[in-house]
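Chain and residue survey
The lines below spell out each chain.
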Amino acid sequence: MLRLLCCLFISELCCLPLQLVAQADSLQAYRLQEVVIAALPYNRYGVGLQSTTTDSLLAGFLPAQSLGDILLQNTDAYIKAYGSGMLQSISLRGTAAGHTAVLWNGVNINSPTLGEADFSTLPLAGGYQVQLIQGGSSPLAGSDAIGGAILLESGKQNSTLPLSIQTAYRSTQQWSARLQTGWKAGTKLSGFSQLYGSYAKNIFENRLIKPYQTIDYAPFHFFGTRQEFFYEIKKGQEINFYSWYHEHDRILLSNRARQIDKNLRTLLQYRDHKQLAQLSFVRNFLEYNESSQTNTHQWQAQYQYEIAWNQSLSSRAGATATLIQTDVDSYEGQPERRQLETFVFTQWEASTRLHIALNLRKVWVNAYAPPLSPSLGFDYLLFSTAALDIKTGGSASFNYKLPSLNALYWQPGGNPDIRPESGFYNNIYFQLRHRHHQQLWQLNIEGFRNHINDWILWQPTPEGYWAPDNLKEVLSWGLQTSLSHQLSTPRATFSQQLHYTFTRATNQKAVDAADRTSIGKQLPYVPAHRLGGLLKWQHYRQWLVIVNGQWTGTRYTTTDNKRSLPPFWTMDVHAGKQWQIRDGQLNLQIGILNMLDKAYEQIDNQPQPGRQYQVSLQWSFLSNK
């Protein structure tokens, strides 16, 4: 397979003429200003929700960082890693790993069997915009978005990227490489091609126990390719094709079992200024310890139509049909999931100060239909001058998560009568933006609340196996604040960010008499306090320095809160320099991860490496045109 992918990539490089042009920043707006509609309408219809877009400069320091690493460095999301290079899951505002939807160009790529995503198998080797939608967003994103959604977007702007080669080394004996290019063939056809891979012996010291022990039994390697084609039929009308293949092979740190993941994602898309139609296919294959295999095929068709009623009112209506086929060793037979969703999004610019959005989604799955999922949000500009803007907003939504296929069909233990999880989410925020000469200040304060019912929990049975049921009721509430500052001068740009999140996520209902001690207690692996900061300095002579720090508070490991993991603080420092050499551009980047050499763990007995060093070198071929 690797040889075939390499041949495909090289043939495209040789056969298609390259035309490299500069990239342009895109502006987000409420009104209908795009030439073609986007597959992900969240910036327009997600009124009242808060979102974070990750720093592309920080994401580019390594050619194969995982999505989990990037979110941990850029956002308030808590990533639970089962050791270095191992499984990664997310906890967003007190919710479970399966309560965050991951959408790739509008297609949900959470594992249908597990009901969640393993973020370590999503390396983002450039060419993606990553946006985190914080808070319940099922009316927009569909199932799994009880806690929020993560949007991975790529598009025609990738065709402007130059041909570049990047290689990197990390002191845990990890080698990574990436080859990519954007290209154009004539005036209508363009594309993007990428090949990446990484191999790690993953050797580091376990400093949580004494005497220190060297961990050298959890290696991993992965490789993948992305191919994207963009064909402009005429202005405002285009056909796009996206594909992403990833293969991941590792020895798990927790039990030394071997796990192989193979993921293929393809998407064919048509869009113009009013409508979007797309067909997608996603194959997920997992082999565990050479004894158990999981194989699913997901077929999806989606259609959306945008209507501009007038200059201030717009709507988007559509439907999505999904078929999931299974071939799982632990299932009886080969059950299928047939799913139909319909949705209507409406955004009203009531005035220059007030924006309102009302969104509705209804889903039918096999023989049952979860309740209607609506949301209502608003943004209101309280005060505005040339130097100061003060804005407030908020949202309320009913959200849902369909049971995973394992919860329904796993043998023994699967429960075909299990109900979808449901939640009611609401938030309110205040935002202040101050501009003074070459400086920009921004302050955000947000309060949130999420009440989740029918939380699915796997419990041991008297027969000796585990089975799921709708057992928990959880209330999660908290406060999120952030402060950012940017100073721009002719010689340099300096920016700094500081963010803090308080999350109180408690169990409201005992599973049984023995579980009464968990009522009112913080959920396991949900830190009540998280603090993060980022300093970035860019010099006009092409120097770049980034300092990134994260503090994570106490995390309980048991439901009665009697056992816990201590708080930890990590700091990463990155520095880079760029040189123009004839027709090319050379980038050298060095970094120190966990610079303070802290011994810590995100999951009990799953140690993380101490201080690590990394170096990356990238060469880009620039056009003379």
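Residues numbered from 1 in each chain as written. Predicted model: local features only at pLDDT ≥ 70, side-chain atom pairs only at ≥ 80, totals over all residues. Heavy atoms only, no water.

**Some remarks on the overall build of the chain**
When helices and strands are counted, the chain shows 6 helices and 35 strands. Against the globule reference of 25 Å for 625 residues, the chain gives a C-alpha radius of gyration of 24 Å, in line with a compact fold. The C-alpha extent of the chain, read off along each of the three principal axes, is 75 × 65 × 50 Å. Counting across all 625 residues of the chain, residues that qualify as buried make up 52%. In the chain, the proportion of contacts linking residues at least 24 apart, taken out of those at least 6 apart, comes to 62%. Put simply, the chain shows about 27300 Å² of open surface, and 58% of that area lies on carbon and sulfur atoms. Taking the 53 positively charged and 45 negatively charged side chains of the chain as two groups, their mean positions are separated by 8 Å. (Helix = DSSP H or I, 4+ residues; strand = E, 2+ residues; numbered from the N terminus. Rg over C-alpha atoms; globule rule 2.2 N^0.38 Å. Buried < 20%, exposed > 50% of the residue type's maximum accessible area, 1.4 Å probe, protein only. Contact = heavy atoms within 4.5 Å. Areas by Shrake-Rupley, 256 points an atom, 1.4 Å probe, with all protein chains shown as cover. Lys, Arg positive; Asp, Glu negative; His and termini not counted. Charge placed at Lys NZ, Arg CZ, Asp CG, Glu CD.)

**Some details on the confidence of the model for the chain**
Considering every residue of the chain, the mean pLDDT works out to 90; 92% of them sit at 70 or more. Of the regions scoring below 50 in pLDDT, residues 1-35 engages in 62 contacts with residues more than four places distant in sequence or in other chains. (pLDDT = per-residue confidence, 0-100.)

**Thoughts on the environment of Ser482**
In this fold, Ser482 is placed in strand 25 (residues 466-488). Each C-alpha atom, one on Ser482 and one on Tyr500, is 6.4 Å from the other, the two residues being 18 residues apart in sequence. When sequence neighbours within four positions are dropped, the list of residues in contact with Ser482 reads Gln442, Leu443, Asn444, Leu498 and His499.

**Points about the pattern of salt bridges**
Think of it this way: side chains of opposite charge can pair up when their charged atoms draw near. Under the criterion given, the structure shown has 17 salt bridges. Among the salt bridges present, the one from Lys156 reaches Glu232, with a minimum N-O distance of 3.9 Å. Here Glu232 lies in strand 13 (residues 220-234) and Lys156 lies in the loop between strand 7 (148-153) and strand 8 (163-170), a separation of 76 residues in the sequence. For Asp597, the salt bridge identified is with Arg207, shortest N-O distance 3.2 Å. Remark: Arg207 occurs in the loop between strand 11 (204-206) and strand 12 (213-215) and Asp597 occurs in the loop between strand 32 (584-593) and strand 33 (601-603); sequence separation between them is 390 residues. The class for Asp597 is partly exposed, based on a relative accessible area of 24%. Linked through salt bridges whose partners overlap, the residues forming this network are Arg44, Glu306 and Arg316. (Salt bridge = Lys/Arg side-chain N within 4 Å of Asp/Glu carboxyl O.)

**Quick word on the environment of Leu161**
Mapped onto the elements, Leu161 comes out in the loop between strand 7 and strand 8. Overall, Leu161 belongs to the buried group, its relative accessible area being 12%. The sequence separation of Leu161 and Phe192 amounts to 31 residues, and the corresponding C-alpha distance is 7.9 Å.

**Observations regarding the pairing of strand 2 (residues 78-81)**
Here strand 2 shows two buried faces, one formed by Tyr78 and Lys80 and the other by Ile79 and Ala81. Bridging between strand 2 and strand 3 (residues 88-91) involves 4 bridges; their strand directions are antiparallel. Bridge pairing in strand 3 links Ala81 to Gln88. (Pairing = 2+ DSSP bridges.)

**Notes on the nonpolar core**
By size, the foremost hydrophobic cluster in this structure holds 36 residues, and its most contacted members are Leu67, Ile150 and Leu152. If you list the elements that add at least two residues to this core, you get helix 4 (67-74), strand 4 (100-104), strand 6 (129-134), strand 7, strand 10 (189-200), strand 13 and strand 14 (237-251). For Leu67, the residues in contact, after removing those within four places along its chain, are Phe119, Leu122, Leu124, Val130, Ile150 and Leu152. Tyr42, Ala101, Leu103 and Ala141 belong to the second-largest nonpolar core, a separate cluster that totals 15 residues. (Core = buried A, V, L, I, M, F, W, Y, C linked by side-chain atoms within 4.5 Å.)

**Thoughts on the sheet that holds strand 4**
One open sheet holds the 5 strands; their spatial order is 1-6-7-4-5, and the pairing between them is mixed. Two strands in the sheet have a free side with no partner beyond their single neighbour: strand 1 (50-53) and strand 5 (107-108). Along the sheet face, helix 4 touches strand 1, strand 6 and strand 7 and points at about 115 degrees away from the line of strand 7. (Axes fitted to C-alpha atoms, helices over the stretch in contact; angles between N-to-C directions.)

**A short note on the packing of aromatic side chains**
In the structure shown here, the tally under the stated rule is 18 aromatic pairs. Note on Phe230 and Tyr242: the rings are 5.9 Å apart at their centroids and 75 degrees apart in plane angle, and the pair reads as edge-to-face. Here the residue Phe230 occupies a position in strand 13, and Tyr242 occupies one in strand 14, the gap between them amounting to 12 residues. For the pair shown, Phe230 and Tyr242 are each scored as buried. Aromatic rings pair up to connect Tyr45, Phe343 and Phe345 into one cluster. Against the face of Phe448 rests Arg93, its NZ or CZ located 4.5 Å from the ring centre. (Phe/Tyr/Trp six-rings, centres within 6.5 Å; stacked < 30°, edge-to-face > 60°. Lys NZ or Arg CZ within 6 Å of the ring centre and 35° of its normal.)

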